[in-house]
Each structure stands twice: as structure tokens, then as C-alpha cells.
Amino acid sequence: MQRSFVYDHYYRYQEITDILKGYAEKYPALTRLSSIGQTPQGRSIWLLEVTDTAAGAFEDKPAYYMEANIHAGEVTGSMVVMYFLDTLFSNLSDPAIRQLLERYTIYAVPRVSPDGSEHYLTTPDYVRSAPRLYPYEQRQPGLHKGDLDGDGACRMMRVRSPYGVWKIAPQDPRLMVKRQPDETEGEFYNVYPEGVIEGYDGLHVPMAPAEFGNDFNRNYPIGWQEESQQAGSGAHPLSNPETQANARFLLSHPNVCCVLDMHTAGGQILYTPGYKSPKEACPADMALYHALGRMGQQENGFPLLNLYEEYMPASHPQTCGGFDDFCHFLLGVPAFTIECWDLAERAGVEVHYPPKEDKSEEEELDCAVKYLKWMDENLPEGQGFLPWTPFEHPQLGPVEIGGPDYKFISQNPPIPFLEQELEKHTRFALRLIRTLPRVVFDQVESRLLAPGLYEVRAVVGNHSYMPTYVFEEGLKNKALPPLTVTLEGECKVEGDARQTIGHLQGFAGIQAHNEGMGPTTVETEPLCKEVRWLVRGEEGAPLLLTCQGGHIGKVQLKAKLGN
């Protein structure tokens, strides 16, 4: 597919703003640009809505919500959203893209935390979610990461010390291995992040707690825990204006059927529950996740992992207050988290799920060797592992600074690998949209019973994969309305013009097996339903049929009485 923009750098806030405004100006019949909130530093949290309004309003269609940078430093995610939008607008002549925009609405929020990402991209600092002090109101004692040598990156510094636990590896002088318990002679080092020590006592180098400790992905009201139980959770659920903004938008848009939350790094497709075991979740919801996740695996090659059982280490399996759990349990829709950039896989490092917590020293060294080899083979000189270079530290004296720029090698892909990462996740996103429920009027007919009296019959069906309620978890929420079908027009309806028909299953609910002598099909819930009315009126009188409820938005069809 064609693209209109280049992906040779990570976009800053103003560039994203200009591109989104450009789409809104160039395609007024397809887009609506708005700010769903303002950050403390005065930046807009942009939302671009995309659909073919000639085929229906934004809120009248099943919708797909895609966002990124709930974690500020994971800027690959925002690039995926921008690449996805670029793919849509650069291929409007493609019948498949046009059909997608006719049937569905796309809500895109490229950067939930524009303050955090801007700080991350313009300073050497690491930012989890936002560049504001939390949970401490003042800078705390200890070593704070920073760029001392002015090369624009926070690397590592090794300090020679008789108390050191590291020594230079014989395999490669850039690597370090642990000092053996019986080693008493030689050159030993301690290795710290590059930075300065607040309140240095002349002896000890403790790590300071992170200044920017907010974690927006722990700030949602499902499974939320206070700071002592869940680091970064905030003063209370939705205590941050950024999390309030996307929660408020999603709660006010019940036509959202599926959420894709873009993160880095690791190379995984993650699905909920995250704060409790999937064994407690609805089996049909888990089956839906597995079917949709397999499409993701086909496109990006990542493993499909449950957040609680497989992604988190066994010693702490919970992620409390997560955005994806908020979508699952409060909104009743599936929410995939994509951890872009599979550096370990590319480097040939063996990955375990759940993560292995007791690696031997030999395993750790093997990983280091493989990462170093990958950098040497794939990155230009000066962009991988920088050699250890002497530097006069203002507090520690002679040190050596070196190592990789973790921000753009480990956390985010180096630029030569960026576009290939964006393209494969865009393929998954495009496929995922087509699984949303699509309700249509399959049949509408009227039969004359007596002069001026007609029976109007309509068959309403769901032609897509997801059911109209999407998740069984959503049925527990009494706010999710059942489908209703309403008949209006220049006629008089005998009885109720609005009839409730419950929900329509998607073809996800059909039991299909192919074993023995051939395939079988077993329908368990209806994919279509019939509705009838008695109507008085004149032949040819205009009729309007409307189906709404669930997560489908609103579907309408015009007809005529007696035709």
C-alpha cells in the first residue's frame, strides 16, 4: 500500500498536530478533529475520527479505538497510529479501504501523554507517563539518571572500586561479568546509570526513586490499588487529566467495539484480564481474544499472551488499574495491548513466558553477548554500543561512560527498523476492524391484508464476526441496551412501533468443526431475527426502519409501503 509521509524519525507533538490538522482540512467529509482534553502544560490530546460520513455519521457506526503513548517513552506506538492513518488516507482509491470507511468509524488518539512524550523526545530523561513530580513533591536523594557527557543520551558509567562486583569480560572488553566470590585481586567496578547523586555522602551511591513516577496504565478504576500496593497508581482512580480524557471519551461512545493500545517494547500481543486470572473470565470472551489474536500473530509474528498468567513474572502477576482491564470489565469490549519491537527475538535471545526470574550468570552473559553482536551487525558505527570513555565525574572522580542508547535501541527500534515495525502492526489493525459487528436489514417486505392494512416484515442480521454485545462481560453491565427495531413513516403502526429483539450473535458463535468425513456447522444463537408490524397507510408511503443498541450505533433503511 502507498504512504505519503516519511518515517525516518520519531514525530514530536507539533508534527503530529500539523499532520492531523492537514487530514481534517483535506478530508472534511471523512474526518473530525477534536481535543478530548488538555494537559497540564497546555497541549491538546488530539482525537481524529475517521469515517465516510456520506454513508452514516461517526457515532452511528461500530467503532474501533486506537491509541498510543499512555506511556510517554514508548513513542513507537504513536508512530504506529500515524502510519495507520497515513495508510488509510494514502489509499482511498482502494475499494477495501473505501468499504471499511463506509461501514465503520475509527477513533485515533496518537498520543495520550503529549507532555510526557515531548519531554522524552527532547531531553535525555526517561519518562514513564508524565514529566511531573510523583509520588514525591521534591527531588529525592540518590543517583538521578542524566546526560553528563553531552552526547544526548543517558548511558552507563562504570566506576573502579575495591568494592566493585563487576570485572571486564574476557569475551569482549565492552562487556562486564560478575566478580567471583574468591576473587580478591584485580580491577573491579560498579556500574550505574549515567547521572549525578543528590545528597552524596562521599561513600555510597544509592539509586533515587524516579522523579516522574506516574504510571497512567495503573490509574484506571478497575482493580485500582493505592501507591503502596501498585507503584504509579496515582492519588485516586483517574487522578490524571490524561486518563480522565480517554476514559470520559470511551464511556460516552458506546459504539466502540474494540480497542488497540500501542506500547513498547518486547514483541508481544497481550490480552486481558490483567488484574485477575483469565479462568475467572467468560470463556466466550477468551475464545474471541484467541481468534482475533491469532490474526495478529499472522501479521506481526508475536506471541499471544494473557497479562495475568503469561506476561507478568510469577512473583507479581497482577497489573492493577490497567487501561485494558478498564475496557474489558467496564466497557465490555476487547482491548489488545501490542508491545512493539522484539529486540530479544531479533538478537537470538531465548525468551520465556512467564519471564524467567532466576537466570544464571552464564545465561545473563549469553544475553549480553547476543545483544552486543546484534548491535555490531545491524547498526552503523557510533549508533550501537559506544565504547567506555574516560570522564571526570563531578562527584565520583574518574569514571568511564559507555553503552547503548536504551531509548532508541531497546525501548524503541532504531530508525532503520522503524517502518517495518509500523507496517506489520498496521496490517493487524486493518484486519481487526473488519471483525466488528455489522448489522444490516437483510429483507424488508410488506403484504396487503385488507384495504389500507399491511403487514410489514423485516429480517435483521449480523454479517460479521463479533456479536452485537461484543463481550459477554458487557452483558453484565445493565447500561448496555439490547437491540431495538423501530418502524416510522407516513403510516400508523398498530401496536408498538419499537420492538426489542435482544442481541445478534456474530459468526464467532457458530460451532464449526472439520473432522471425520467433512465440516459441520452448529448454530447456537441467532445471527438474524424477524420483526413484524401491522401498519395502516397508503401504498407507496415512505417507511424508515431503524435498528440500534448494543455496540452497533444505528442502522437505518428506507422503504415504501406495499413495495
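Preceding this section is the structure that the text describes.
Residues numbered from 1 in each chain as written. Predicted model: local features only at pLDDT ≥ 70, side-chain atom pairs only at ≥ 80, totals over all residues. Heavy atoms only, no water.

Looking now at the state of the cysteines. As used in these notes, a disulfide is a covalent bond between sulfur atoms, one from each of two cysteines. On inspection of all chains with the given rule, the structure shows zero disulfides. As a non-bridged cysteine, Cys 258 has Cys 257 as the owner of its nearest cysteine sulfur, 8.1 Å distant. (Disulfide = S-S within 2.5 Å.)

On to the packing of helix H6 (residues 283-300) against helix H11 (residues 418-433). For any two helices packed against each other, the geometry comes down to the angle between their axes and how far apart the axes lie. Between H6 and H11, the shortest axis-to-axis distance is 8 Å and the interhelical angle comes to 150°. Judged by the inter-axis angle, H6 sits roughly antiparallel to H11. Handedness of the crossing formed by H6 with H11: right-handed. Within the contact between the two elements, H6 uses Leu 292, Met 295, Gly 296, Gln 298, Glu 299 and Asn 300 and H11 uses Lys 424, His 425, Arg 427, Phe 428, Arg 431 and Leu 432. Per-class residue counts for the contact of H6 with H11 are four nonpolar, four polar and four charged. (Axes fitted to C-alpha atoms, helices over the stretch in contact; angles between N-to-C directions. Helix = DSSP H or I, 4+ residues; strand = E, 2+ residues; numbered from the N terminus. Parallel < 35°, antiparallel > 145°, perpendicular 65-115°, else oblique. Left-handed = near helix turned anticlockwise from the far one by under 90°. Contact = heavy atoms within 4.5 Å. Nonpolar A, V, L, I, M, F, W, Y, C, P; charged D, E, K, R; others polar.)

For the rest of this paragraph, the subject is the pairing of strand S17 (residues 439-450). Note: S17 against strand S18 (residues 453-462), 10 bridges, orientation antiparallel. When the sheet's bridge partners are listed, Ala 450 is paired in S18 with Leu 453. Remark: two residues form the turn of the hairpin made by S17 and S18, two consecutive strands paired antiparallel; Gly 452 in that turn has positive phi of roughly 80°. (Pairing = 2+ DSSP bridges.)

The subject of this paragraph is the side chain of Glu 339. With respect to the secondary-structure elements, Glu 339 resides in strand S14 (residues 335-340). Buried and without a salt bridge, Glu 339 has Arg 128 as its closest oppositely charged side chain, separated by 7.1 Å. Among the polar contacts made by the side chain of Glu 339, one reaches the main-chain amide nitrogen of Thr 264 at a distance of 3.4 Å. (Buried < 20%, exposed > 50% of the residue type's maximum accessible area, 1.4 Å probe, protein only. Lys, Arg positive; Asp, Glu negative; His and termini not counted. Salt bridge = Lys/Arg side-chain N within 4 Å of Asp/Glu carboxyl O. Polar contact = N/O pair within 3.5 Å; in protein donor to acceptor, adjacent residues only side chain to side chain.)

One open sheet accounts for four strands, arranged S21-S19-S25-S26; its pairing is antiparallel. In this open sheet, the two strands that pair with only one neighbour each are strand S21 (498-502) and strand S26 (554-560). Sheet twist, expressed as the mean angle between neighbouring strand axes with direction ignored, is 20°. Of the strand pairs in this sheet, strand S19 (residues 483-489) and strand S25 (residues 542-548) are connected by six bridges, and their pairing is antiparallel. Residue pairing for S25: Val 485 is matched across the bridge by Cys 547.

For the rest of this paragraph, the subject is the packing of helix H2 (residues 76-90) against H11. As a packed pair, H2 and H11 sit with axes 9 Å apart at the nearest point and diverge in direction by 60°. Remark: the crossing between H2 and H11 carries right-handed chirality. Note on element contacts: H11 touches H2 through Leu 418, Glu 419, Glu 421, Leu 422, Glu 423, His 425, Thr 426, Ala 429, Leu 430 and Ile 433, opposite Thr 76, Met 79, Val 80, Tyr 83, Phe 84, Thr 87 and Leu 88. Residues of the contact of H2 with H11, tallied by class, amount to 10 nonpolar, four polar and three charged.

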